[in-house]
Amino acid sequence: MKRRQVLKAAVALTVGAGMTACVGGGTGVEFHRSKKRTLSSTTRFDAARFAGRWVIRGEFVYPGETPSFGAVNFAQSGGKITALDVYGPGGLLERYPAKQPAAGRISVGMAPFDTQYWVLWVDADYRTAAIGTPSGSFGWIIDRAKSGGEDRIKAARDVLGFNGYDLSRLKIS
């Protein structure tokens, strides 16, 4: 091998090892969900019924972090979710255009850096929902009201647990 080829191979191996550490093969970020469990979104999803303002009643946080317990608003058009706004205690934090590639799946951002938010469960009356990401980097329990509906909040919590989420990191308001 020529010296240049050896250097290229060494650089590729070094970069590959670094990426593995960052993505979970080493001591990189630890997400909230075990990927050993398969994840599926609800097929019983109606964007028009899902659209509107939701209060974040449950949120996954890392040890030492404080949940925001803000709100989220989903916009829809033509039977698909088209945008979401995230609110913190002080007001609007971020506005995201969104796509809905499949029932219960909402994509924010551009590939390959997009984030898929999956509606794992929503109650029959669209009052409470459990949302997560396939990676497990994120999870919410959202509800139309700031209080009440403890049975639905528990059901959403159970759905997240069933889907491999570490419930010790779930903070519920």
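Parameters and conventions
- Residues numbered from 1 in each chain as written.
- Predicted model: local features only at pLDDT ≥ 70, side-chain atom pairs only at ≥ 80, totals over all residues.
- Heavy atoms only, no water.
- Helix = DSSP H or I, 4+ residues; strand = E, 2+ residues; numbered from the N terminus.
- Phe/Tyr/Trp six-rings, centres within 6.5 Å; stacked < 30°, edge-to-face > 60°.
- Core = buried A, V, L, I, M, F, W, Y, C linked by side-chain atoms within 4.5 Å.
- Buried < 20%, exposed > 50% of the residue type's maximum accessible area, 1.4 Å probe, protein only.
- Pairing = 2+ DSSP bridges.
- Polar contact = N/O pair within 3.5 Å; in protein donor to acceptor, adjacent residues only side chain to side chain.
- Contact = heavy atoms within 4.5 Å.
- Salt bridge = Lys/Arg side-chain N within 4 Å of Asp/Glu carboxyl O.
- pLDDT = per-residue confidence, 0-100.

Sorry if this is basic, but what is going on with unusual backbone geometry here?
Leaving glycine aside, a negative phi is the common case for residues, and trans is the common case for peptide bonds. Omega for the bond connecting A111 with P112 falls within 30 degrees of zero, at 5 degrees, which places this linkage in the cis form. Within the secondary structure, P112 is located in the loop between β5 (105–108) and β6 (115–122). Here F69, not a glycine, exhibits a phi torsion of approximately 45 degrees, which is positive. Among the secondary structure elements, F69 is positioned in the loop between β1 (52–60) and β2 (71–77). In this structure, Y126 is a non-glycine residue whose phi angle is positive, near 55 degrees.

When you look at the packing of aromatic side chains in this model, what are you seeing that I'm missing?
Two measures describe an aromatic ring pair: the distance that separates the ring centres and the angle between the ring planes. If you walk through the whole model with that rule in mind, you get six aromatic pairs. Centroid distance F50 to W54: 5.0 Å. Interplanar angle 35 degrees. Geometry classified as tilted. Taken together, a centroid distance of 4.8 Å and an interplanar angle of 35 degrees make the contact between F60 and Y165 tilted. Of this pair, F60 sits in strand β1 while Y165 sits in the loop between α3 (150–162) and β9 (170–172), and the two are 105 residues apart along the sequence.

I keep staring at the nonpolar core and nothing clicks. Help me out?
Grouped burial of nonpolar side chains is what soluble globular proteins tend to show. Counting 21 residues, the largest nonpolar core has F50, W54, V72, F74, I81, I106 and I142 as the members making the most contacts within it. Listed by contribution, the elements that provide at least two residues to this core are α2 (47–50), β1, β2, β3 (80–88), β5, β6, β7 (128–132) and β8 (139–143). Broken down by element, the residue count for this core peaks at three residues, all from β3.

Would you mind showing me how to read the pairing of strand β4 (residues 91–102) here?
By the bridge criterion, six bridges tie β3 to β4 in an arrangement that is antiparallel. Of the residues in β4, the one forming a bridge with A83 is P97. Remark: two residues form the turn of the hairpin made by β3 and β4, two consecutive strands paired antiparallel. When β4 meets β5, the two strands line up antiparallel, connected through three bridges.

Hey, could you run me through the side chain of S107 in this one?
For S107, the position within the fold is in strand β5. Assessed through its relative accessible area of 8%, S107 is described here as buried. Of note is the side chain of S107, whose polar atom sits 3.2 Å from the side chain of D114. In terms of polar contacts, S107 uses its side chain to reach the side chain of Q116, at 3.2 Å. Look past the residues within four positions of S107 in its chain and what remains in contact with it is P97, A98, K99, P101, D114, T115 and Q116.

Any chance you could explain the pattern of salt bridges here in plain terms?
Oppositely charged side chains can pair when the atoms bearing their charge come close. Evaluation of the coordinates by the stated rule reveals seven salt bridges. Of the charged contacts, one joins D125 and R127 as a salt bridge, the two residues approaching to 3.4 Å between their closest N and O atoms. Between R169 and D166 there is a salt bridge whose closest N-O contact spans 3.7 Å. Residue classification places D166 among the partly exposed positions, given a relative accessible area of 32%. Salt bridges sharing common partners tie together R57, D143 and R152.

What is the right way to look at the confidence of the model for the protein in this model?
Regions with low pLDDT should not have their predicted coordinates read in detail. Predicted confidence across the protein gives a mean pLDDT of 85, with 83% of residues reaching 70 or more. A low-confidence stretch, residues 1–26 stays under pLDDT 50, and its non-local contacts, those more than four residues away or across chains, total eight contacts.

When you look at the environment of Y62 in this model, what are you seeing that I'm missing?
Structurally, the position occupied by Y62 is in the loop between β1 and β2. On the basis of relative accessibility, which here comes to 25%, the residue Y62 falls in the partly exposed class. Sequence separation between Y62 and H32 is 30 residues; the distance between their C-alpha atoms is 8.2 Å.

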